[in-house]
Amino acid sequence: MTMTASISLRNHNDEQIAFCHIDADSYQDFTCEGFVEKAWAMADKMAAELSESDEWRVIVTIDLDVRD
């Protein structure tokens, strides 16, 4: 099973201003639900200092491959 997440923070011109890639390889005993929660928590932290007037957007892509 592999779990990865990519988080991209973009400005009003759709230019990437921050990026984070997370994979579950460095975590032990991690559930799919726990991984998704951690990925969203990281996205929230990346965008915490921005407001709606900053005209930003966040793109979160989560890939959970649960095949053995």
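Above this text sits the structure in question.
Let me begin by describing the structure that accompanies this report. Quick caveat: nothing in here was measured; it's all calculated off a predicted structure. (Residues numbered from 1 in each chain as written. Predicted model: local features only at pLDDT ≥ 70, side-chain atom pairs only at ≥ 80, totals over all residues. Heavy atoms only, no water.)

### Some remarks on a nonpolar patch on the surface
So, point 1. Taken together, the side chains of Met-1, Leu-64 and Val-66 define a hydrophobic patch exposed on the protein surface, amounting to about 290 Å² of accessible area.
So, point 2. Position of Leu-64 among the secondary structure elements: in strand β3 (residues 57–65).
So, point 3. Judged by its relative accessible area of 33%, Leu-64 is partly exposed. (Patch = residues over 30% accessible without salt bridge, like charges linked within 9 Å, V, L, I, M, F, W, Y side chains within 5 Å. Areas by Shrake-Rupley, 256 points an atom, 1.4 Å probe, with all protein chains shown as cover. Salt bridge = Lys/Arg side-chain N within 4 Å of Asp/Glu carboxyl O. Helix = DSSP H or I, 4+ residues; strand = E, 2+ residues; numbered from the N terminus. Buried < 20%, exposed > 50% of the residue type's maximum accessible area, 1.4 Å probe, protein only.)

### Remarks on the nonpolar core
So, point 1. Counting 10 residues, the largest nonpolar core consists of Met-3, Ala-5, Ile-7, Cys-20, Ile-22, Ala-24, Cys-32, Phe-35, Ala-39 and Ala-43.
So, point 2. Looking at which element gives the most residues to this core, the answer is helix α1 (residues 32–47), with four residues.
So, point 3. Sequence-distant contacts of Met-3, defined by excluding residues within four places in its chain, comprise Ile-22, Asp-23, Ala-24, Phe-30, Thr-31, Cys-32, Phe-35, Asp-63 and Leu-64. (Core = buried A, V, L, I, M, F, W, Y, C linked by side-chain atoms within 4.5 Å. Contact = heavy atoms within 4.5 Å.)

### Digging into the pattern of salt bridges
So, point 1. Evaluated as defined, the whole model comprises two salt bridges.
So, point 2. Two residues, Asp-14 and Arg-57, come together in a salt bridge whose shortest N-O distance is 2.6 Å. Of this pair, Asp-14 sits in the loop between β1 (2–10) and β2 (16–23) while Arg-57 sits in strand β3, and the two are 43 residues apart along the sequence.
So, point 3. Asp-14 sits in the partly exposed class, given a relative accessible area of 37%.

### Some words on the environment of Ser-6
So, point 1. With respect to the helices and strands, Ser-6 occurs in strand β1.
So, point 2. Residue Ser-6 is classed as partly exposed on the basis of its relative accessible area, which comes to 22%.
So, point 3. Taking the C-alpha atoms as reference points, Ser-6 and Ala-47, separated by 41 residues in sequence, lie 14 Å from one another.
So, point 4. Polar contacts involving the side chain of Ser-6 include one to the side chain of His-21, which spans 3.3 Å. (Polar contact = N/O pair within 3.5 Å; in protein donor to acceptor, adjacent residues only side chain to side chain.)

### Quick notes on the environment of Ala-5
So, point 1. Secondary-structure assignment places Ala-5 in strand β1.
So, point 2. Its relative accessible area of 0% is what places Ala-5 among the buried residues.
So, point 3. Along the primary structure Ala-5 and Asp-63 are separated by 58 residues, whereas in three dimensions their C-alpha atoms are 6.2 Å apart.
So, point 4. Beyond its immediate chain neighbours, meaning those up to four positions away, Ala-5 contacts Cys-20, His-21, Ile-22, Phe-35, Ala-39, Thr-61 and Ile-62.

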